[in-house]
Amino acid sequence: MILLKRVLTTCGYCGCGCGLYVNIEGDEILGVTPQGGHVVSDGKLCAKGWHGFSFVRSPRRLTKPLIKNNDGTFREASWEEAYKTVKEGFTRAMTGGDNTDAIGVFSSARCTNEENFLMAKLARMSLKTSSIDHCARL
Ligand code: SF4
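Residues numbered from 1 in each chain as written. Predicted model: local features only at pLDDT ≥ 70, side-chain atom pairs only at ≥ 80, totals over all residues. Heavy atoms only, no water.

Caption draft 1: Quick peek at the pattern of salt bridges. All chains considered together, the criterion is met by 5 salt bridges. In this structure, Asp27 and Arg57 form a salt bridge, with 3.2 Å as the shortest nitrogen-oxygen distance. Highlighted residues: Asp27 in the loop between strand 2 (19–25) and strand 3 (28–34) and Arg57 in the loop between helix 1 (47–51) and strand 4 (66–68), separated in sequence by 30 residues. Assessed through its relative accessible area of 57%, Asp27 is described here as exposed. Among the residues examined, Arg57 registers a relative accessible area of 47% and is labelled partly exposed. Between Lys64 and Glu76 there is a salt bridge, and its shortest N-O distance comes to 3.7 Å. Of this pair, Lys64 sits in the loop between helix 1 and strand 4 while Glu76 sits in strand 5 (residues 74–76), and the two are 12 residues apart along the sequence. The partly exposed category is assigned to Lys64, whose relative accessible area is 47%. (Salt bridge = Lys/Arg side-chain N within 4 Å of Asp/Glu carboxyl O. Helix = DSSP H or I, 4+ residues; strand = E, 2+ residues; numbered from the N terminus. Buried < 20%, exposed > 50% of the residue type's maximum accessible area, 1.4 Å probe, protein only.)

Here you go:
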């Protein structure tokens, strides 16, 4: 017998915020079901909403920091080395009051809206760049 659990949530792939249930068995996502009567989506989802959960179990997900070598290959690194490398790069790039031409930030549709808001704040307030984008623009 399959014990299916349905978790009501909001699709985070774009700013529409469609309502859906994530259907779970154990710790596996089996699929999603649109939330009927939702104020935005009313039982409908686009292709991203229907099928965009496969990344959760993807073997291609990064689990350790990678540093790019000069020849274009990547090597695994410790978190300490990765943070040190990032800090050195930002220190070199931050030359003045406006770093828009030197630093760009790319956020993700797989973050929550709140996480993307914080990324925008980090970019504009701390890194002093307005070069920020997001892959979920429709
Ligand atoms: S990506 Fe599609 S399903 Fe998700 S919120 Fe946007 S329109 Fe809705």
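Right, picking up where we left off after that structure.
Caption draft 2: Spatial organisation of the packing of aromatic side chains. Tallying each qualifying case throughout the model produces 1 aromatic pair. Over the aromatic face of Tyr21 sits the side chain of Arg6, whose NZ or CZ is 4.2 Å from the ring centroid. (Phe/Tyr/Trp six-rings, centres within 6.5 Å; stacked < 30°, edge-to-face > 60°. Lys NZ or Arg CZ within 6 Å of the ring centre and 35° of its normal.)

Caption draft 3: Highlighting the domain arrangement of the protein. Domain annotation of the protein identifies domain 1 (5–57) and domain 2 (66–134). Computed over C-alpha atoms, the centres of domain 1 and domain 2 are 29 Å apart. (Domains from an automatic or database assignment.)

Caption draft 4: Region of the structure containing the environment of Ala93. Following the sequence through the fold, Ala93 ends up in helix 2 (residues 79–93). C-alpha separation for the pair Ala93 and Leu30, spaced 63 residues apart in sequence, amounts to 44 Å. Not counting the four nearest positions on each side in its chain, Ala93 is found in contact with Asn99, Ala102 and Ile103. (Contact = heavy atoms within 4.5 Å.)

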